[in-house]
Amino acid sequence: MLIAEPPRTQFDLNFRVAGFHVRVHPFFWLMTLLLGARDGDPLGLLIWAGVVFTSILVHELGHAFAMRHFGQDARIVLYLMGGLAIPESSAWGGGRRSRGTWEQILISAAGPGAGFLLAALVAALVFVAGGAVHIVLEQGFPPIRFAVLPDTATDPWREAASGLLWVNIFWGLLNLLPVLPLDGGQIARELLCAHDPWQGMVRALTLSVAVGGAIAAFGLLALHDRFLGILFGMLAFSNFMALRNMRGQSW
């Protein structure tokens, strides 16, 4: 979901997963903890941080594995409430390689797809443990909550399972909306630019402004959720400014 890689800091966490270098910027932890803070519950906050870290890492690994499949190495950066899979030198030799339309679409779709697979695995484990997953519709945000009810599980495990389901399903669906720079926006851009790169980009930005603005309004007016409204409002505005720049307009 990031646009550019953040600068390195001395507080970065660095490790490797499946041969991919992963860097976690300290702002990732800060934003995660700020959004998860509630009622002075340190255990709940720790569970939330683990859920977000696992979910976004799996999401970016989905992108990275798809890049590797098409002959491109990648590194992963987690920052704020998102991540970035950054292409590096080709796994088949040489520098960065250009990708075709369908390769890029599959790479973009692989992130949410990996999250959906993780959610399916969590649901399967809940059922194996003798529990059940209930979808609960609520007023406010989120409008959908996943209640996990394994009879033998302790509250922390229930909270972790419910959080993993919610983040990977609900956030995954939001990420597929056709709003740049979300994965859905990148998929829409590739499809629209396939035959006419200039007009396709204009249409992709126009679509991003329309959908982003609609989601922002829905979040603020219907769900009374400031985070959703501000997030998609900012995305709509950034795409609007990019569209104006493409058309050579000014205020």
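Residues numbered from 1 in each chain as written. Predicted model: local features only at pLDDT ≥ 70, side-chain atom pairs only at ≥ 80, totals over all residues. Heavy atoms only, no water.

**Structural notes on helix α1 (residues 26-36)**
Thinking step 1. Among all positions of α1, only Phe28, Thr32 and Gly36 are buried. Taken end-on, α1 shows its buried residues confined to a sector of 50°, consistent with a single buried face. (Buried < 20%, exposed > 50% of the residue type's maximum accessible area, 1.4 Å probe, protein only. Helix = DSSP H or I, 4+ residues; strand = E, 2+ residues; numbered from the N terminus. Arc of directions from axis to C-beta.)

**Let's talk about the packing of α1 against helix α2 (residues 42-69)**
Thinking step 1. In the contact formed by α1 and α2, the axes pass within 9 Å of each other and the chain directions differ by 130°. Classified by the interaxial angle, the pair formed by α1 and α2 is oblique. The chirality of how α1 crosses α2 is right-handed. Contact residues: α1 offers Phe28, Trp29, Thr32, Leu33, Leu35 and Gly36, while α2 offers Leu45, Trp48, Ala49, Val52, Phe53 and Ile56.
Thinking step 2. Across the contact of α1 with α2, the residue classes break down as ten nonpolar, two polar and no charged. (Axes fitted to C-alpha atoms, helices over the stretch in contact; angles between N-to-C directions. Parallel < 35°, antiparallel > 145°, perpendicular 65-115°, else oblique. Left-handed = near helix turned anticlockwise from the far one by under 90°. Contact = heavy atoms within 4.5 Å. Nonpolar A, V, L, I, M, F, W, Y, C, P; charged D, E, K, R; others polar.)

**Observations regarding a nonpolar patch on the surface**
Thinking step 1. Taken together, Phe27, Leu30, Leu34 and Leu80 make up a surface patch of nonpolar side chains, about 360 Å² in accessible area.
Thinking step 2. Relative to the helices and strands, Leu80 is located in the loop between β3 (72-79) and β4 (82-90).
Thinking step 3. Overall, the relative accessible area of 31% leaves Leu80 in the partly exposed class. (Patch = residues over 30% accessible without salt bridge, like charges linked within 9 Å, V, L, I, M, F, W, Y side chains within 5 Å. Areas by Shrake-Rupley, 256 points an atom, 1.4 Å probe, with all protein chains shown as cover. Salt bridge = Lys/Arg side-chain N within 4 Å of Asp/Glu carboxyl O.)

**Brief notes about the packing of helix α3 (residues 101-128) against helix α4 (residues 155-175)**
Thinking step 1. Close contact between α3 and α4 brings their axes to 9 Å; oriented N to C, the two are set at 150°. On the basis of the axis angle, α3 is roughly antiparallel to α4. In this structure, α3 meets α4 at a crossing whose hand is left-handed. Residues Pro112, Gly115, Phe116, Leu118, Ala119, Val122, Ala123 and Val126 of α3 form the contact with α4, whose participating residues are Ala161, Leu164, Leu165, Asn168, Ile169, Gly172, Leu173 and Asn175.

**Concerning the pairing of strand β2 (residues 20-24)**
Thinking step 1. Judged by how many residues are buried, β2 sits mostly within the fold: four of five residues are covered.
Thinking step 2. Alignment of strand β1 (residues 13-17) against β2, held across five bridges, turns out to be antiparallel. Directly across from Leu13, in β2, lies its bridge partner Val24.
Thinking step 3. Two successive antiparallel strands, β1 and β2, enclose a turn made up of two residues, where Ala18 displays a positive phi of approximately 55°.
Thinking step 4. The pairing of β2 with β3 spans three bridges and is parallel. (Pairing = 2+ DSSP bridges.)

**Observations regarding the environment of Asp12**
Thinking step 1. Relative to the elements of secondary structure, Asp12 occurs in the segment before β1.
Thinking step 2. Note on Asp12: relative accessible area 12%, which makes it buried.
Thinking step 3. Looking at Asp12, its side chain comes within polar contact range of the side chain of Thr9, at 2.8 Å.
Thinking step 4. Here Arg23 takes part through its side chain, which lies 2.8 Å from a polar atom of the side chain of Asp12. (Polar contact = N/O pair within 3.5 Å; in protein donor to acceptor, adjacent residues only side chain to side chain.)

**What to know about helix α5 (residues 183-193)**
Thinking step 1. Of all eleven residues that make up α5, eight are buried, and the element is covered over most of its length.
Thinking step 2. The set of residues buried in α5 consists of Asp183, Gly184, Gly185, Gln186, Ile187, Ala188, Glu190 and Cys193.
Thinking step 3. Looking at the buried residues of α5, the elements they touch are α2, α3, α4 and α6 (197-222).

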